[in-house]
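Commentary on secondary and tertiary structure
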Amino acid sequence: LWTIHQTLPADLRNQRIQEAAKALQDGKTIAFPTETVYGLGGSAWKPDAIDRIFSAKGRPNDNPLILHIGSKNQLDELVLQVPKLAETLMDAFWPGPLTLILPKRPEVPERVTGGLNTVAVRLPGHKLARELLQASGVPVAAPSANRSGRPSPTTAAHVEKDLSGRVDGIVDGGATGFGLESTVVDATGTTPVILRPGGITSEAIQKVCGSVEVAEKEDNEAHPQSPGMKYTHYAPDGDLYIIEGSTAFFQKNITSAQKAGRQVAALADDKELSELKPDTAVSLGAAADTNEAARRLYAALREADEAEAEIIFARSYASDGIGGALMNRLEKAAGGKYLREG
Ligand code: TXA
Ligand code: MG
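None of the values given here were measured: they were computed from a predicted structure.

For an α-helix the count is 3.6 residues per turn, leaving residues at separations of three or four pointing the same way. Compared with the 22 Å implied by 1.5 Å per residue over 16 residues, the 22 Å span of helix α1 (residues 10–25) between its first and last C-alpha is a close match. Among all positions of α1, only Arg13, Ile17, Ala20, Ala21, Ala23 and Leu24 are buried. Relative to the axis of α1, the buried residues are bounded by an arc of 155 degrees and lie together on one face. Buried residues along α1 sit in contact with β1 (2–3), β2 (30–32), β3 (39–43), α5 (127–136), β7 (140–141) and β8 (169–172). Gly27 sits one or two positions beyond α1 and adopts a positive phi of about 95 degrees.

This is how it looks when you write it as structure tokens:
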């Protein structure tokens, strides 16, 4: 474990980054923070490391990985060409929480891309992540550093909980910023197609590119869904419902579940929680704020599970901007179950 927090003296910080970078070059698996969630990293050029990423996570073999780079120069060894659309998106959003699907070079292993002729690439905005990637100089395949079927980790403690004994090292850089995974965009055509909503909103992409499409359905023939989206997503142990309505309606649902003898957890902002009486109150922030709720969502779901809640009610958020990604993850966790007032 390398703890690399802001306060560390520069020489010690550099030394630890160099050690972790060397481990990646040597084919070790290293978990590290990004601005979205923690990733479980391994060199794209080390088949053993890639195998160990899949087995550590318990990840289906045909679900391709995102390659993380520390600088744009590294693109040349991964992609055949950078379409004009991709160039526009990179200029606007890199470094940052945007993953681009691009035509792959034959050298990129099939194991990384799930046999597709495209490769997913991302240049993270997180300072420590970029320093680590630059120091290693290799493209680093990194899915979220959770066991498959668990919420993505937003702290090093979450990574340890899920992957202890299954990963060679963890770089602890504190809590991640955004808290939800990157936006995945197919940039091989003339119109950007969002395969997975995330940190970069569809509104922002539309503004820069003049148009945007969203691949919503699995059976979308024109744009087959990002392979990862077909797998069951994280579902908490408790039965999760999204609440749309007043605080009184929220409490009414809590009360009736408790009357039925159930342990109830409520996910909402502190202001609303102060008016609710669940068995376990889980905070999504001080006041209703989508950014804050996005940052806290995965930790909140872990907390509800740890409290052994049988029923979980979560407040719904407006789905514009960042709320699009937030509600996408919440709906997946709830299996689409809403409770609407009236
Ligand atoms: O924010 C993130 O993207 C985090 C951090 C660690 O960077 N990583 C992450 O990786 O979320 P992962 O493996 O959990 O999700 C990768 C997604 C999956 O839905 C996968 O199917 C999709 O990207 N993907 C990867 N390569 C693809 C390709 N060639 N075509 C379409 N989708 C692809
Ligand atoms: Mg994931």
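Moving on, we come to the environment of Leu8. Mapping Leu8 onto the fold places it in the loop between β1 and α1. Here Leu8 falls in the buried class, since its relative accessible area comes to 18%. Ignoring any residue separated from it by four or fewer positions in sequence, one finds Leu8 in contact with Thr3, Arg13 and Arg16.

Note on soluble globular proteins: their nonpolar side chains tend to be buried together. Grouped together as the largest cluster of nonpolar side chains are 40 residues, with contacts concentrated most on Leu89, Trp94, Leu100, Leu102 and Val121. In terms of residue count, the dominant contributor to this core is helix α3 (residues 84–93) (five residues).

With that settled, consider the sheet that holds strand β16 (residues 338–340). Taken together, the five strands give an open sheet; going across it, the order is β14-β13-β15-β12-β16, and neighbouring strands pair in parallel fashion. Two strands in the sheet have a free side with no partner beyond their single neighbour: β14 (280–283) and β16. Direction aside, neighbouring strands of the sheet carry axes that sit 25 degrees apart on average. This element, helix α11 (residues 323–333), spans β12 (239–244), β15 (311–315) and β16 of the sheet and lies at about 135 degrees to β12.

Per the UniProt record, the feature "domain: YrdC-like" (unreviewed entry) sits at residues 14–200. The span residues 14–200 is 29% helical and 19% strand by assignment, and the distance between its end C-alpha atoms comes to 30 Å.

Within the secondary structure layout, Gly114 lies in the loop between α4 (110–113) and β6 (118–122). Discounting residues that sit within four places of it in the chain, Gly114 has contacts with Asp62 and Pro64.

Let us now look at the UniProt feature "binding site: ATP" (unreviewed entry) in the protein. Here, UniProt's "binding site: ATP" (unreviewed entry) annotation points to Arg59, Asn63, Thr118, Ser144, Ser152, Arg196 and Tyr234. The greatest C-alpha distance among the residues just named is 26.0 Å, and with 176 residues of sequence between them they are spread in space as well. Note on placement: Ser152 falls in the loop between β7 and α6 (156–163). Not counting residues up to four positions away in its chain, the partners in contact with Ser152 are Val37, Ser144, Asn146, Glu181, Tyr298 and Arg302. Within the local environment of Ser152, its side chain forms a polar contact with the side chain of Glu181, the two groups lying 2.5 Å apart. Among the structural elements, Arg196 can be located in strand β10 (residues 193–196). Judged by its relative accessible area of 18%, Arg196 is buried. Only 3.1 Å separates the side chain of Arg196 from the backbone oxygen of Ser182, close enough to count as a polar contact.

Moving on, we get to the packing of aromatic side chains. Under the defined criterion, the tally for this structure stands at one aromatic pair. Their ring planes at 40 degrees and their centres at 6.0 Å tell us that Tyr241 and Phe313 sit as a pair that is tilted. Of this pair, Tyr241 sits in strand β12 while Phe313 sits in strand β15; the two residues are 72 residues apart in sequence, bridging distant segments of the chain. One Lys or Arg, Arg111, reaches over the ring of Phe54 and ends 4.3 Å from the middle of that ring. If you follow Arg340 out to its NZ or CZ, it ends over the ring of Tyr338, 4.2 Å from the centre.

What the eleven strands build is an open sheet, ordered β1-β8-β2-β3-β7-β4-β6-β5-β9-β10-β11; its pairing is mixed. Of all strands in the sheet, those with a lone pairing partner are β1 and β11 (213–214), marking the two edges. Bridge analysis of strand β4 (residues 66–68) against β6 gives three bridges, and the strand direction is parallel. Each residue of the ladder has a partner; that of Ile66, found in β6, is Ala120.

In this section: the packing of helix α10 (residues 290–306) against α11. The geometry of α10 relative to α11 is characterised by a closest axis approach of 9 Å and an angle of 25 degrees between their N-to-C directions. As judged from the angle between their axes, α10 and α11 are roughly parallel. For α10 against α11, the interelement crossing comes out left-handed. Counting all contacts with α10, which are made through Thr290, Ala293, Ala294, Leu297, Tyr298 and Leu301, the residues of α11 involved are Gly323, Leu326, Arg329, Leu330 and Ala333. Its residues assigned to classes, the contact of α10 with α11 comprises eight nonpolar, two polar and one charged.

Conventions adopted
- Note that residues are indexed from 1 along each chain, following the sequence as it is written.
- All chains are assigned letters beginning with A, and all ligands numbers beginning with 1, in the order in which they are written.
- For this predicted model, a pLDDT threshold of at least 70 governs which residues receive local features, and a threshold of 80 or more governs which side-chain atom pairs are given and counted, while totals over whole chains, interfaces and linings are taken from all residues.
- Note that the side-chain values use all heavy atoms of the structure and ignore hydrogens as well as water.
- Strands here are runs of E lasting at least two residues and helices are runs of H or I lasting at least four, both read from the DSSP assignment and numbered beginning at the N terminus.
- In this scheme, a helix's expected span is set at 1.5 Å multiplied by one less than its residue total.
- Each residue is placed in one exposure class: buried if its accessible area under a 1.4 Å probe, protein chains only, is under 20% of its type's maximum, exposed if it is over 50%, and partly exposed if it falls in between.
- It is the directions from the helix axis to the C-beta atoms that the arc portrays.
- The contact criterion used is simple: two residues touch if any of their non-hydrogen atoms lie within 4.5 Å.
- Within this scheme, the nonpolar core is defined by two criteria: the residues are buried Ala, Val, Leu, Ile, Met, Phe, Trp, Tyr or Cys, and they are joined through side-chain atoms within 4.5 Å.
- Strand pairing is assigned whenever DSSP detects at least two bridges linking the two strands.
- Orientation is described by lines fitted to C-alpha atoms, with helices fitted over the stretch in contact, and by angles between N-to-C directions that extend from 0 to 180 degrees.
- UniProt positions are given in the numbering used here, feature names are shortened, and annotations may be inferred rather than shown by experiment.
- In the analysis that follows, any N or O atom pair within 3.5 Å is treated as a polar contact, provided that within protein one partner can donate a hydrogen and the other can accept it, and provided that, for residues neighboring in sequence, both atoms belong to side chains.
- Working definition: rings of Phe, Tyr and Trp (its six-membered ring) pair if their centres are within 6.5 Å, and the pair is stacked with planes under 30 degrees apart, edge-to-face with planes over 60 apart, and tilted otherwise.
- Our definition puts a charge over a ring when NZ of Lys or CZ of Arg is within 6 Å of the ring centre and also within 35 degrees of the ring normal.
- Throughout, the term roughly parallel applies to angles under 35 degrees, roughly antiparallel to angles over 145, roughly perpendicular to angles from 65 to 115, and oblique to all others.
- Working rule for handedness: look at the near helix, and if it is turned counterclockwise from the far one by less than a right angle, call the crossing left-handed; if clockwise, right-handed.
- For this classification, Asp, Glu, Lys and Arg are treated as charged, while Ala, Val, Leu, Ile, Met, Phe, Trp, Tyr, Cys and Pro are nonpolar and the rest, including Gly, are polar.

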